[in-house]
There are 2 protein chains.
Amino acid sequence: MPEPSEPPLRRVERKERTRRAILDAALDLSDESTLAAISLRQVAKQVGIVPTAFYRHFDSIDALGLALVDEAFASLRTMIRDIRRGDPALADIVDRSIGVLVDHVHLQREHFLFIARERAAGPPGVREAIRHQIELFERELAADLARLPGTDAWSDEDLRVLSNLIVTAMVATAESILSVAGRPDEEKQIVEQARTQLRMVLVGALNWRSKP
Amino acid sequence: MPEPSEPPLRRVERKERTRRAILDAALDLSDESTLAAISLRQVAKQVGIVPTAFYRHFDSIDALGLALVDEAFASLRTMIRDIRRGDPALADIVDRSIGVLVDHVHLQREHFLFIARERAAGPPGVREAIRHQIELFERELAADLARLPGTDAWSDEDLRVLSNLIVTAMVATAESILSVAGRPDEEKQIVEQARTQLRMVLVGALNWRSKP
DNA sequence: GGTTTCGGTGGACAGTCGTACACTGAAAGT
DNA sequence: ACTTTCAGTGTACGACTGTCCACCGAAACC
């Protein structure tokens, strides 16, 4: 049986392969503790390269962190694309959105963990990048909400405020799910709470009237 | 002029004084980066003691972290005591609660920063301690809400879910305020958003009916 | 007043840290 | 075929890490 892909790896491919290994190693190591607490040498050892070889790929651990932020949010974007797909006015929009969130938390567990940690404790540049990305999510959500029936009388400001509240609640839900990893009954409870919260917020929204 | 308090400091007092200095130094050092990323020697240097003297007060940096959690939440408890004081059914309950929160974030800035960071990125024991304390807050808030008019028909479960949502939003508000330190106009905007969010949630609550 | 307690000292240790430097060898470019 | 590029190597450095140990001196105790 012939190997399907054994052409002897071009140089750029080898480099990309090592770069991936570094990203994975950093993600793995920062799983316990923080990016700010892991050393270049630990990463290099885990990858199987000599410490100085690290610099062929990143200027510093901080730069590595920014690359991980990009990667993590790229996968998050596929998530909201999944949520957007389908009838936006569907009645079960709450259940479906939270379902997608839960699925992605499991599928991209390490990315969510990384963002949750570094959002609060990462290097300043990393924190700022994450904050910016979350703000983008809020803006997109506000635009989506504006297309929903019943929000005609809402001010832009109130749409943003509501989006911020929803995103905050969803981030907290993701963090809770991660913190009970491996205890499915507790997770079920958290998911059910998230559904109820989202419904409460939407009930509040439907009865809300923006100030003029 | 006679010095008011210069009796030559008893031993226990000296020890307590050093202990405080260690806690303050740790709080100060973890301001940039994390508890997990600071070293025993850094703390000792900042306090002005020799590294090994640290062990006279704490077994490890983690133990220090737990002490800081206790301290930070002790000051938070004075905050909710302030909020509770006064007519619980007052119409401006939202404005007053958020006002107290904002005041305390400024007064206890370092404690809030510490909790925000270590909640997500601290040593496991520290994370667990913080999570537990926040859960206690949720329980207390649920009890307070139960005494409010209009919640008679609410199930205990829904009260807890609502409390969780409110606490989550308030934690996020505190974090936002901390992240814009020194820019009063942005802070004003965040505070105004928090007020609106809390009102939205309460509108949702007043129109909510628990399932039987 | 003699003894005990104990917060703090100072030196030494085996590791780990980031980074500088000169290098190798194979792929890429010509 | 000859040269250049460059991911990865190996050594070496001074600085910093947690912790062990014997020691001090003044407050606390009896």
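Given the structure is predicted, the values throughout are model-derived calculations rather than measurements.

Engineer: I would appreciate a short explanation of the interface of chain A and chain B in the present structure.
Structural biologist: Note: interface size is frequently given as the accessible area lost on complex formation between the parts. Contacts between chain A and chain B engage 31 residues on the former and 31 residues on the latter. For the pairing of chain A and chain B, the buried interface totals around 2900 Å² over both sides, and the portion due to carbon and sulfur atoms is 67%. Among the residues chain A hides against chain B, the three largest losses belong to L165, M200 and W208 of chain A. Together they make up 21% of the total. Joining chain A to chain B, the criterion identifies two salt bridges. Where chain A packs against chain B, one counts four residue pairs in polar contact (both at pLDDT 80 or more). When contributions to the side of chain A that touches chain B are tallied by element, the ones reaching two or more residues are α5 (109-121), α7 (156-179) and α8 (184-206) of chain A. Considering each element in turn, the side of chain A that touches chain B owes the most residues, 11 residues, to α7 of chain A.

Engineer: Where do I start with the side chain of E175 of chain B in this structure?
Structural biologist: Here E175 of chain B lies in helix α7 (residues 156-179). When residues no more than four places from it in sequence are discounted, the contact partners of E175 of chain B are R119 of chain A together with A116 and R119 of chain B.

Engineer: Explanation requested: the pattern of salt bridges in the structure shown.
Structural biologist: When charged atoms on two side chains of opposite charge get close, those side chains can pair. Evaluation of the coordinates by the stated rule reveals 30 salt bridges over all chains. In this structure, the salt-bridge partner of R183 of chain A is E186 of chain A, at a minimum N-O distance of 3.4 Å. Among the residues examined, E186 of chain A registers a relative accessible area of 31% and is labelled partly exposed. A salt bridge links D82 of chain B to R85 of chain B; the shortest N-O distance between them is 2.7 Å. Three or more residues joined by partner-sharing salt bridges are found here, namely R77, R84, E140, D144 and R147 of chain A.

Engineer: Explanation requested: the domain arrangement of chain A in the structure shown.
Structural biologist: Residue and element names in this part refer to chain A. Here chain A is described as being made up of domain 1 (1-58) and domain 2 (62-206). One C-alpha centre belongs to domain 1, the other to domain 2, and the line joining them spans 30 Å. Each partner contributes residues to the interface: domain 1 has 14 residues there, and domain 2 has 15 residues. Contact with domain 2 buries area across many residues of domain 1, yet L27, D31 and L35 alone supply 47% of it, more than any other trio.

Engineer: What is the right way to look at the protein's contact with DNA strand D in this model?
Structural biologist: Neighbouring DNA strand D are 18 residues; T18, R56 and H57 of chain A together with R41 and Y55 of chain B lie closest to it. Sugar plus phosphate: this is where 47% of the atoms of DNA strand D within 4 Å of the protein reside. In the model, a phosphate oxygen of DNA strand D is placed 3.1 Å from a nitrogen or oxygen of the K15 of chain A side chain. Elements that contribute at least two residues to the surface near DNA strand D include exactly α1 (11-29) of chain A together with α2 (40-47) of chain B.

Engineer: Would you mind going over the relation of the copies chain A and chain B with me for this structure?
Structural biologist: Two chain copies, one operation linking them: a rotation about an axis together with a shift along it. Its rotation angle being 180°, the transformation that places chain A on chain B also includes 0.0 Å of axial translation and leaves an RMSD of 0.0 Å. Taken together, the turn and the small shift mark the pair as related by a two-fold rotation axis. By C-alpha distance to the rotation axis, the residue of chain A lying nearest is G204 of chain A, at 1.6 Å.

Rules used throughout
Residues numbered from 1 in each chain as written. Chains lettered and ligands numbered in written order. Predicted model: local features only at pLDDT ≥ 70, side-chain atom pairs only at ≥ 80, totals over all residues. Heavy atoms only, no water. Contact = heavy atoms within 4.5 Å. Buried area = accessible area lost by both parts, 1.4 Å probe. Salt bridge = Lys/Arg side-chain N within 4 Å of Asp/Glu carboxyl O. Polar contact = N/O pair within 3.5 Å; in protein donor to acceptor, adjacent residues only side chain to side chain. Helix = DSSP H or I, 4+ residues; strand = E, 2+ residues; numbered from the N terminus. Buried < 20%, exposed > 50% of the residue type's maximum accessible area, 1.4 Å probe, protein only. Domains from an automatic or database assignment. Near = heavy atom within 4 Å. Least-squares fit on C-alpha atoms with pLDDT ≥ 70 in both.

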